[in-house]
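Analysis of the macromolecular model
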Amino acid sequence: MQALTLPTVGEVRVEAVVEPALVSPHDAIIKVSASAICGSDLHAYRGRIANISPGIPIGHEYVGVVTEAGPEVRRFKAGDRVTGSFFTVCGRCWACQHGLFPQCADSAMFGFGPDLGDLAGTQAEYARIPHADHTLLRIPEGVSDEAAILVGDVLSTAYFAVERSGVKPGDTAAVVGLGPVGLLAVEIFFLMGAAQVAALDVVPERLQGAQERGAIPVMADASAVRAIRDVTEGRGADAVVEAVGSEAGLALALQVVRGFGSVSSAGVYTERAIPVSMARVFAKDLTFRAGKANIPAVAPRVMELLKHGRLHPERLFTHRLPLSEGPRGYQLFADRQALKILLIP
Ligand SMILES: [Zn+2]
Ligand SMILES: [Zn+2]
């Protein structure tokens, strides 16, 4: 079958690889209808995630149809239309039993090499899904592939980050970083009752995207803190989602949040350590939360929102390319000429 691989940093290749087969009785095989390129794929592309296995498919966002289910798979059968979490969970360990799925003792991420679970990725014609009963999610009728694929990662990540910000109806929220997760966080903040959402970035097109979603665009420069104060009678934002994963992004989030407010970080940090002003955190009595999103826990609710037309995340996609043009897709995404790319095998 055809798949995308990352033989060296900065070079995505279309390769013929062996089709996956069932390994465990809990596995399912899916025929991938579409995969998507994610910001965290760029971390691998740029060499910030080490040890990507050459010759093994990359990618972790997927939608497809089950072609084969192992004998222990109870909830899915051949022919089911599915999407799924970008990481697998066992469903049986202490963390899974308590719904804390990102801390599963037997979890693996798709397409990030041996350090992150040694699991082949989904930018391919077929993919093997371990622990299918807990990793996959059925797509209701009427929900498009393009909306459903976002439930497995970026949309649920945005939802989780907004939920953990503790936003309440009537609050002023802020989003730092307007990539796909940040733009989706704008939409979800409004859904959860924010009265106004300030959206911060330095890229004019992304600010415009946030404005089209109802947010107040704020250029993320030296004037940003002032701009947030101006719309909050001087106090700062009640709840902030940081969707960059950088020192600058976090510093800005800590600046624009009000005293006793909360910063919820959805950005993927790849640096070993970054300086954080704990004096500022202390002085402002802040709550700070960060971490891998609990996709299996929130995805069913996110899917309900899609099913009932409360969210329309599919407008994120700026490009739809055949899988064979994946290398060009990565280039476009890395050069910020694309916001979200769908790859169709
Ligand atoms: Zn992703
Ligand atoms: Zn587990």
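Residues numbered from 1 in each chain as written. Chains lettered and ligands numbered in written order. Predicted model: local features only at pLDDT ≥ 70, side-chain atom pairs only at ≥ 80, totals over all residues. Heavy atoms only, no water.

**Things to note about the packing of aromatic side chains**
- Enumeration according to the criterion identifies 3 aromatic pairs in this entry.
- Aromatic side chains Tyr-62 and Phe-110 sit 5.3 Å apart centroid to centroid with 65° between the ring planes, which places their arrangement in the edge-to-face category. Taken together, the residues span a long stretch of sequence, with Tyr-62 in strand S4 (residues 61–69) and Phe-110 in the loop between strand S7 (108–109) and strand S8 (126–129) at a distance of 48 residues.
- Its relative accessible area of 0% is what places Phe-110 among the buried residues.
- On the numbers, 4.9 Å between centres and 80° between planes, the contact of Phe-86 with Phe-87 is edge-to-face.
- When its relative accessible area of 8% is taken as the criterion, Phe-86 is described as buried.
- Between the NZ or CZ atom of Lys-292 and the centre of the ring of Phe-87, over which it lies, the distance is 4.4 Å. (Phe/Tyr/Trp six-rings, centres within 6.5 Å; stacked < 30°, edge-to-face > 60°. Helix = DSSP H or I, 4+ residues; strand = E, 2+ residues; numbered from the N terminus. Buried < 20%, exposed > 50% of the residue type's maximum accessible area, 1.4 Å probe, protein only. Lys NZ or Arg CZ within 6 Å of the ring centre and 35° of its normal.)

**A short note on the sheet that holds strand S10 (residues 172–176)**
- Pairing is parallel across the open sheet formed by 6 strands, whose spatial order is S12-S11-S10-S13-S14-S15. Since the sheet does not close on itself, it has two edges, and those belong to strand S12 (216–219) and strand S15 (287–290), each with one partner. Shown here is a sheet whose adjacent strand axes are inclined to one another by a mean of 20°, direction ignored.
- Sheet analysis places strand S14 (residues 257–265) next to S15, joined by 4 bridges and oriented parallel. What sits directly across from Ser-264, in S15, is Arg-289.
- Docked against the sheet, helix H5 (residues 154–164) engages strand S13 (237–242), S14 and S15, running at close to 155° with respect to S14.
- Its contacts with the sheet put helix H7 (residues 204–212) on strand S11 (196–201) and S12, and the angle it makes with S11 is roughly 170°. (Pairing = 2+ DSSP bridges. Axes fitted to C-alpha atoms, helices over the stretch in contact; angles between N-to-C directions. Contact = heavy atoms within 4.5 Å.)

**A closer look at the packing of H5 against helix H6 (residues 180–191)**
- Look at H5 against H6: their axes get within 8 Å of each other, and the N-to-C directions meet at 55°. Between H5 and H6, the interaxial angle falls into the category oblique. Of the two elements, H5 crosses H6, and the hand of that crossing is right-handed. For the pair H5 and H6, the contacting residues are Val-154, Leu-155, Thr-157, Ala-158, Tyr-159 and Val-162 in the first and Val-181, Leu-184, Ala-185, Ile-188 and Phe-189 in the second.
- Split into classes, the residues belonging to the contact of H5 with H6 amount to 10 nonpolar, 1 polar and no charged. (Parallel < 35°, antiparallel > 145°, perpendicular 65-115°, else oblique. Left-handed = near helix turned anticlockwise from the far one by under 90°. Nonpolar A, V, L, I, M, F, W, Y, C, P; charged D, E, K, R; others polar.)

**Structural notes on the pairing of strand S3 (residues 28–37)**
- Within S3, 8 of the 10 residues are buried, which leaves it mostly tucked inside the rest of the structure.
- Here S3 runs beside S4; their pairing, made up of 8 bridges, is antiparallel. Residue pairing in the sheet places Ala-36 in a bridge with Glu-61 of S4.
- When S3 meets S8, the two strands line up antiparallel, connected through 4 bridges. The residue bridging Ile-30 from the neighbouring strand is Ala-127, located in S8.
- Pairing analysis gives 3 bridges linking S3 to strand S17 (residues 341–344), with the strands arranged antiparallel.

**A look at the domain arrangement of the protein**
- According to the domain assignment, the protein consists of domain 1 (2–153 + 294–344) and domain 2 (156–290).
- In this structure, domain 1 and domain 2 have C-alpha centres spaced 27 Å apart.
- Listed per partner, the contact involves 22 residues of domain 1 and 18 residues of domain 2.
- Overall, the association of domain 1 and domain 2 removes approximately 1,800 Å² of surface from exposure, summing both partners, and the carbon and sulfur fraction of that is 62%. (Domains from an automatic or database assignment. Buried area = accessible area lost by both parts, 1.4 Å probe.)

**What about the environment of Ala-124?**
- Its location among the elements puts Ala-124 in the loop between S7 and S8.
- Those residues in contact with Ala-124 that lie beyond four places of it in its chain are Met-1, Gln-2, Ala-3, Val-32, Pro-57, Leu-323 and Pro-345.

**So, the nonpolar core**
- The biggest cluster of nonpolar side chains holds 83 residues, and the ones touching the most others in it are Leu-155 and Phe-189.
- Both domain 1 (2–153 + 294–344) and domain 2 (156–290) contribute no fewer than three residues apiece to this core.
- When near neighbours in sequence (up to four residues on either side) are disregarded, Phe-189 contacts Val-162, Ser-165, Val-167, Ala-173, Ala-174, Val-175, Ala-194, Val-197, Ala-239 and Val-241.
- Membership of the second largest hydrophobic core comes to 19 residues, among which are Val-218, Leu-252, Val-256 and Val-257. (Core = buried A, V, L, I, M, F, W, Y, C linked by side-chain atoms within 4.5 Å.)

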